There are 2 protein chains.
Amino acid sequence: MNIRPVIRTVGFLIVFIAVSMLLSVAVGLIYGEGDAGGIALAAAVTAAIGLAAIYLNRGWKDLGSREGFAVVTFGWLMMSLCGSLPYLFTGAIPSVTDAFFESTSGFTTTGASILTEIEPLPHGVLFWRSFTHWIGGMGIIVFSIAILPFLGVGGMQMFKAESPGPTADKLTPRIRGTAEILWVVYVLFTAAEIVLLIAGGMSWFDAACHAFGTMATGGFSTKTASIGHYDSAYFEWVITFFMFAAGVSFSLHYFALRGKLKRYWQSAEFRFFLAAIVAAIAIVTIYRLADGIPFPDALRETAFQVVSIGTTTGYATADFETWHVFTQILLVALMLMGGMAGSTGGGIKAIRVLVLLQQARIELHKLIHPQTVYVIRVGRKVLQQSTVQNVLAFFLLYALLFGLGSLAMAMLGMDHITSMIGTIACLSNIGPGLGEVGPADNYAFIPTAGKWILAFLMIAGRLEIFTVLVLLTKTYWERV
Amino acid sequence: MNIRPVIRTVGFLIVFIAVSMLLSVAVGLIYGEGDAGGIALAAAVTAAIGLAAIYLNRGWKDLGSREGFAVVTFGWLMMSLCGSLPYLFTGAIPSVTDAFFESTSGFTTTGASILTEIEPLPHGVLFWRSFTHWIGGMGIIVFSIAILPFLGVGGMQMFKAESPGPTADKLTPRIRGTAEILWVVYVLFTAAEIVLLIAGGMSWFDAACHAFGTMATGGFSTKTASIGHYDSAYFEWVITFFMFAAGVSFSLHYFALRGKLKRYWQSAEFRFFLAAIVAAIAIVTIYRLADGIPFPDALRETAFQVVSIGTTTGYATADFETWHVFTQILLVALMLMGGMAGSTGGGIKAIRVLVLLQQARIELHKLIHPQTVYVIRVGRKVLQQSTVQNVLAFFLLYALLFGLGSLAMAMLGMDHITSMIGTIACLSNIGPGLGEVGPADNYAFIPTAGKWILAFLMIAGRLEIFTVLVLLTKTYWERV
């Protein structure tokens, strides 16, 4: 591992973050609520850090695949640290811990918030808060489609063949090519959602912020009551549609936009993800009907909530903690699965769940025919044994982090449900969980140590665990 | 699969169960509480079923390894069904569901009870209840040491080399040889515990019943307040010692009795299991001290409870639901791990957890050195790749059953904790869990469907999942 080209590359990322803060400065100036100065100062400090990192490591351009892990992990960490400056310098969130938590929650597209009231915040800060989602989502698309398969993380090699864009041996050109193509898709979807929300009567500001939160499967809203604030069937269906789209691989969207709509249905992962979401909506709707909710309301409310949780967005229109316990545990199962690989959604990912279920079936058959060689297919593609092993290992590490996270939260005094489901809600990048961090609650009350642990889980979950944990091994830091 | 030799073999097992009921008839006669007749009738009916099964399938002696799965699963199922007859025929437990639940809980050494008051039951029935534990434990030792490695279930091939007794290609002689050796150990331990409990002033009846429950890591007590009833430090330490012994591989005990005491320490699994138990006792004791409990009491109470849960026994002296949430989640982690392979303890097993942790570490290193070939060692032995894969698959199926079980229990109206931890408590064959099935509660209130589901989970967990689930595949039933 050579740290200098890593610092240099992260430097570029930070400069990009500084530049992106300028948009929030502009919003602050438009609304004139006195937050523009603080955000501008944050942008200046961030730019200075980034430029220093680049200048002090000039010439260190050679970035190998091994350095990729450090770039991604430190990249997200530094984005989150610098991203907390606008909260601190404007005084919107005076605590360093809280500001870092909120910023990390933004860039990891989690959407867990320490704010108890959203509306009192100035518009520049609110815009920044939602914009961190959007940048994070942009980063994740590139990470999951271009970088992950290259690094061989958690079975995501299986994604390699499907991924569009130029394939190269060097990391940088590959990322650049893929990024350009996919960001066009991401921008188009976001623009379409903004237009549709404005058409329904939402202000341009709220429309933009909610579109950022949707397409990144983030979940930060500009309203304390989230989407429930509007009490509008139109907004709910529009956002439901785009949340679902954000949970689908952007690689498929790219083909669709080029006219190859069939690609959706050809994807085994898409069919599985769609089936899971539709089945969950059907089951939960039946429970809601049994609670006496009329059909159109039950369907709308359920579809919104299932898609919001199933894609790990976390927008809320209803407090699902008042629903039947069975439907709550079903939502937790969806939290664990999360979106498709190559989407902005978090969690274990639909394709991994698909592989795990097939593997379970194969292991049973192996007992009967131990000599037979079994293969796992995703669509028409046969997976290598090592890929399957990676997926199993991912599941294992996921379970380990869940266990350790739950223990840590319990140690800090959380109750059972808050400890366990709060850990899942952060590890899977959802935001709202159950217990004291339910859809009607927030993360403000969590003790300082707990906020740092949850922020770590958000980053680990967002970067598919391996990417972060590998930095904790001694081997990684050996000189080559 | 050929079902006829399976039915014949299970027939022998049932006849054995019928004969073992006679001991309870004798106890019933001694106490003269009117239950001897009912138990005798149960023995007669059981014997008739067993003899019919043997007679109708006479000549079908050829039992292949494939039939082994059916013998074990149907064997435990039929033991549980016939074992419920004494409860029904004496009127001690009038409901078929409840009697089957209690009987399954006995034979699977789980110890979950539907009884709200234990003391009013006649002695013959109480003796039968504890004796089902002891028979189940006897069965499990043979199953896990002789049959599992032979069937290649869930990575238990790794146990093959360590297992004593004659190795043969045919299932039957191998089982017989191993069984005889290990049962001697089992009987010796049980006898030693009975003697020590009587020496402390316990009645011979209670001493025998509690020893049965201890050595099988069962947990049924003859007292509603379990071991807490006695409020005796002596009894608690004696039972703690034997519970721990029951959670250790009987194969190691066998060597120890032959003078090879070093074998304990040579076993990587033993060191790991011991370390986990000691660490948990240390941590929980600190929490209890912080609650103001004086040291000797805190240590005794904690050691008892940690060993009881960590070996999946389930005896109680304290309501750990009143302890700190962190210590409760720690106990749940111990529930998941369970005892050593080859012990009477349930759960995932210490050796599998050891393999899983090593595998997680290897996967991280593989990212850095993808070309290196890594091996997992248990002690000095290198595991085959297919064995590791089996262990991963076991973990996967365990997680799946946990998820489905929790969903099912929630559907039936249990709360979150009761659904999830109740499922773990049955799947890992412990008994007491958290929530409404905590150490101070029982399973009486669970709806009928829930009791059948939990009984299924007990059997699946007890037989290492694969053995049961393989019977649900179509391939298994194909003619060969």
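Our subject is the structure listed above.
Once a new chain begins, its residue numbering starts again from 1 and follows that chain's sequence as written. Note on labels: chains are lettered from A, ligands numbered from 1, in written order. Side-chain atom pairs in this predicted model are given and counted only at pLDDT of 80 or more, local residue features only at pLDDT of at least 70, and totals for whole chains, interfaces and linings cover all residues. Derived side-chain values reflect all non-hydrogen atoms in the structure, with water molecules and hydrogen atoms excluded from consideration.

Novice: Could you clarify how one ought to interpret the pattern of salt bridges in this entry?
Specialist: Basic side-chain nitrogens of Lys or Arg form a salt bridge, by our definition, when they fall within 4 Å of a carboxyl oxygen of Asp or Glu. Inspection of every chain in the model, using the stated rule, returns 20 salt bridges over all chains. When the shortest N-O distance is used, the salt bridge between D297(B) and R300(B) registers 3.3 Å. In this pair, D297(B) and R300(B) both sit in helix α13 (residues 295-310), 3 residues apart, roughly one turn of the helix. Taking relative accessible area as the criterion, D297(B) reaches 33% and is therefore assigned partly exposed. Counted as one network, the salt bridges with shared partners bring together E236(A), D297(A) and R300(A). Every helix listed is a DSSP run of H or I at least four residues long, and every strand listed is a run of E at least two residues long, numbered separately from the N terminus. Partly exposed residues are those whose accessible area sits between 20% and 50% of the maximum for their type, while under 20% is buried and over 50% is exposed, using a 1.4 Å probe and protein chains only.

Novice: Would you mind showing me how to read helix α18 (residues 448-462) of chain B here?
Specialist: Residues and elements named next belong to chain B. Helix length check: α18 (15 residues) gives 21 Å between terminal C-alpha atoms against 21 Å at 1.5 Å per residue, within 8%. Taken as a whole, α18 has its buried residues at G450, K451, L454, A455, L457, M458, I459, A460, G461 and R462. Those residues of α18 hidden inside the fold are in contact with α3 (65-83), α5 (96-107), α6 (123-151), α16 (385-411), α17 (416-427) and α19 (466-469). Positive backbone phi, at 60°, marks E464, one or two positions downstream of α18. To estimate the expected span of a helix, subtract one from its residue number and multiply by 1.5 Å. Note on definitions: a residue-residue contact is assigned when non-hydrogen atoms from the two residues lie within 4.5 Å.

Novice: In this structure, what is going on with the packing of helix α12 (residues 268-290) of chain B against helix α14 (residues 325-337) of chain B? I would like to understand it.
Specialist: In a packed pair of helices, the relevant descriptors are the angle between the two axes and the axis-to-axis distance. Residues and elements named next belong to chain B. Every axis corresponds to a line fitted to the C-alpha atoms, with the helix fit spanning only the stretch in contact, and the corresponding angles, defined between N-to-C directions, vary from 0 to 180 degrees. Two elements in contact, α12 and α14, have axes separated by 10 Å at closest approach and are oriented at 165°. One finds that α12 runs roughly antiparallel with respect to α14. The interaxial crossing formed by α12 with α14 has left-handed handedness. Together, F272, F273, A276, A280, I283, V284 and Y287 of α12 and F326, T327, L330, L334 and M337 of α14 make up the contact between the two elements. Only Asp, Glu, Lys and Arg are considered charged, only Ala, Val, Leu, Ile, Met, Phe, Trp, Tyr, Cys and Pro nonpolar, and every remaining residue, Gly among them, polar. The class makeup of the residues in the contact of α12 with α14 is 11 nonpolar, 1 polar and no charged. Angle categories: roughly parallel below 35 degrees, roughly antiparallel above 145, roughly perpendicular from 65 to 115, and oblique for all the rest. Crossing chirality is assigned from the near helix's rotation relative to the far helix, an anticlockwise turn below a right angle marking it left-handed and a clockwise turn marking it right-handed.

Novice: How should I be thinking about the relation of the copies chain A and chain B in this particular structure?
Specialist: Two chain copies, one operation linking them: a rotation about an axis together with a shift along it. For the pair chain A and chain B, the relating rotation is 180°, the translation along its axis is 0.0 Å, and the fit reaches an RMSD of 0.0 Å. Taken together, these values place the two copies in the relation of a two-fold axis. Considering only C-alpha atoms, the part of chain A nearest the rotation axis is L392(A), at 3.3 Å. A shared interface surface links the copies, since 100% of the contact residues of chain A are contact residues in chain B too. Copy-to-copy alignment: least squares on C-alpha atoms, limited to residues at pLDDT 70 or above in both.

Novice: Before we go on, may I ask you to explain empty space enclosed by the protein in this structure?
Specialist: Where empty space is left becomes clear once a probe the size of a water molecule has been rolled over the atoms. All names here are of chain B. Every definition here rests on a 1 Å grid over the protein atoms only: cavities are sets of points where a 1.4 Å probe fits but cannot get out, pockets are open sets enclosed by protein on both sides within 12 Å along at least five of seven lines, and lining residues have some atom within 4 Å of a point. Grid points are joined across faces, edges and corners, and a volume is the space filled by probe spheres set on the points. For the coordinates displayed, the defined rule picks out 2 cavities of 30 Å³ or more. Taken together, I140, F143, S144, G342, S343, G345, K349, R462 and E464 make up the lining of the second largest cavity. By residue number, the principal contributor to the lining of the second largest cavity is α6, which donates 3 residues. Per-class residue counts for the lining of the second largest cavity are 2 nonpolar, 4 polar and 3 charged.

Novice: Quick question: what am I supposed to make of the packing of aromatic side chains here?
Specialist: Two measures describe an aromatic ring pair: the distance that separates the ring centres and the angle between the ring planes. Here a pair means two rings of Phe, Tyr or Trp (six-membered ring of Trp) with centres within 6.5 Å. Their orientation is stacked below 30 degrees between planes, edge-to-face above 60, and tilted elsewhere. A full pass over the atoms with the stated rule returns 61 aromatic pairs over all chains. When the ring of F244(B) is compared with that of F270(B), the centres are 6.3 Å apart and the planes differ by 70°; the resulting orientation is edge-to-face. With F244(B) in helix α9 (residues 233-246) and F270(B) in helix α12, this pair connects stretches of sequence that are 26 residues apart. A relative accessible area of 17% places F244(B) in the buried class. Residue F270(B) is classed as buried on the basis of its relative accessible area of 9%. With a centroid separation of 5.3 Å and an interplanar angle of 80°, the aromatic rings of Y476(B) and W477(B) are classed as edge-to-face. Take Y476(B): its relative accessible area is 0%, and that puts it in the buried class. Taken together, the ring pairs connect Y31(A), F127(A), F131(A), W134(A), Y186(A), F189(A), W204(A), F205(A), F212(A), F241(A), F242(A) and F250(A) into an aromatic cluster.

These values are about where atoms sit, not about what they do.
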